[in-house]
Amino acid sequence: MKKATLFLALFAFATTAFAQTTPSTEVKVRDNGTTKVVTKTGKTNTGQAIDNTKDAAGNVAHKTGSAIKRGAKKTGHAVKRGAQKVGNKTVQVTQKAEAKTE
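Sequence positions are assigned chain by chain, starting from 1 and proceeding in written order. Where totals are concerned, whole chains, interfaces and linings use all residues; where local detail is concerned, this predicted model gives features only for residues with pLDDT of at least 70, and gives and counts side-chain atom pairs only at 80 or more. Note that the side-chain values use all heavy atoms of the structure and ignore hydrogens as well as water.

## Brief notes about the overall build of the protein
For step 1, the next point in the chain: Helix and strand content of the protein: 2 helices and 2 strands.
For step 2, the next point in the chain: Each helix and strand of the protein, ordered N terminal to C terminal, gives the series α-β-β-α.
For step 3, the next point in the chain: The classification of residues rests on relative accessible area computed with a 1.4 Å probe and restricted to protein chains. Under 20% of the type maximum is buried, over 50% is exposed, and intermediate values are partly exposed. Here the protein holds 102 residues, and 3% of them are scored as buried.
For step 4, the next point in the chain: Every residue pair with non-hydrogen atoms within 4.5 Å of one another is taken to be in contact. At a minimum sequence separation of 6, the contacts of the protein that also span at least 24 residues come to 23%.
For step 5, the next point in the chain: Entry remark: accessible area of the protein is about 9200 Å², with carbon and sulfur atoms responsible for 62%. Secondary structure elements follow DSSP: runs of H or I of four or more residues count as helices, runs of E of two or more count as strands, with numbering from the N terminus. In these tables, accessible area is a Shrake-Rupley quantity obtained with a 1.4 Å probe, and a residue counts as shielded only by the protein chains included in the view.

Have a look at this one:
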C-alpha cells in the first residue's frame, strides 16, 4: 500500500513538472467575429494544489510548534510556583516544630 501511494505521488509530481511549460498564447475567435487573446502562464492545477498543500502543512507545523512552546512555558511556570509553595510550607512547618521543642 505504501509503495502504491508513493508511486502515485511520484507520478503526480512528475506530471506536474512536465506540464509546466513556457507561456503560450492562444487566439480565440468568438461567434460574433471578434478575437480574444488568451495567455496561459504559471502553474497547472495539480502544481498549484501541491504548493497549497505544502503551505498548509507548514502553517500547521508552525501553529503546533507555537502551541507546544506556549504549553511548555505554562507548565514550567506551574512547576516553579508549585516548588515555591512546597518550599514555603516546609519552612513554616519546620519553624512550628522548632517552636514547640523550645
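The structure having been displayed, the exposition proceeds.
## Some remarks on the pairing of strand β1 (residues 24-29)
For step 1, the next point in the chain: Burial analysis of β1 places just 0 of its 6 residues in the buried class, which makes it a mostly uncovered element.
For step 2, the next point in the chain: Direction of pairing for β1 relative to strand β2 (residues 35-40): antiparallel, over a ladder of 6 bridges. By the bridge assignment for β2, lysine 28 is matched with lysine 36.
For step 3, the next point in the chain: Counting the residues between successive antiparallel strands, the hairpin from β1 to β2 contains 5 residues, one of them, glycine 33, with a positive phi of roughly 100 degrees. Note on pairing: two strands pair once DSSP finds at least 2 bridges between them.

## Re the confidence of the model for the protein
For step 1, the next point in the chain: Confidence in the prediction of the protein, expressed as mean pLDDT, is 80, and 78% of residues score 70 or more.
For step 2, the next point in the chain: Confidence, expressed as mean pLDDT per element, reaches its minimum in the protein at helix α1 (residues 2-19) with 58 and its maximum at helix α2 (residues 45-101) with 88. Values of pLDDT, ranging from 0 to 100, describe the predictor's confidence in every residue of the model.

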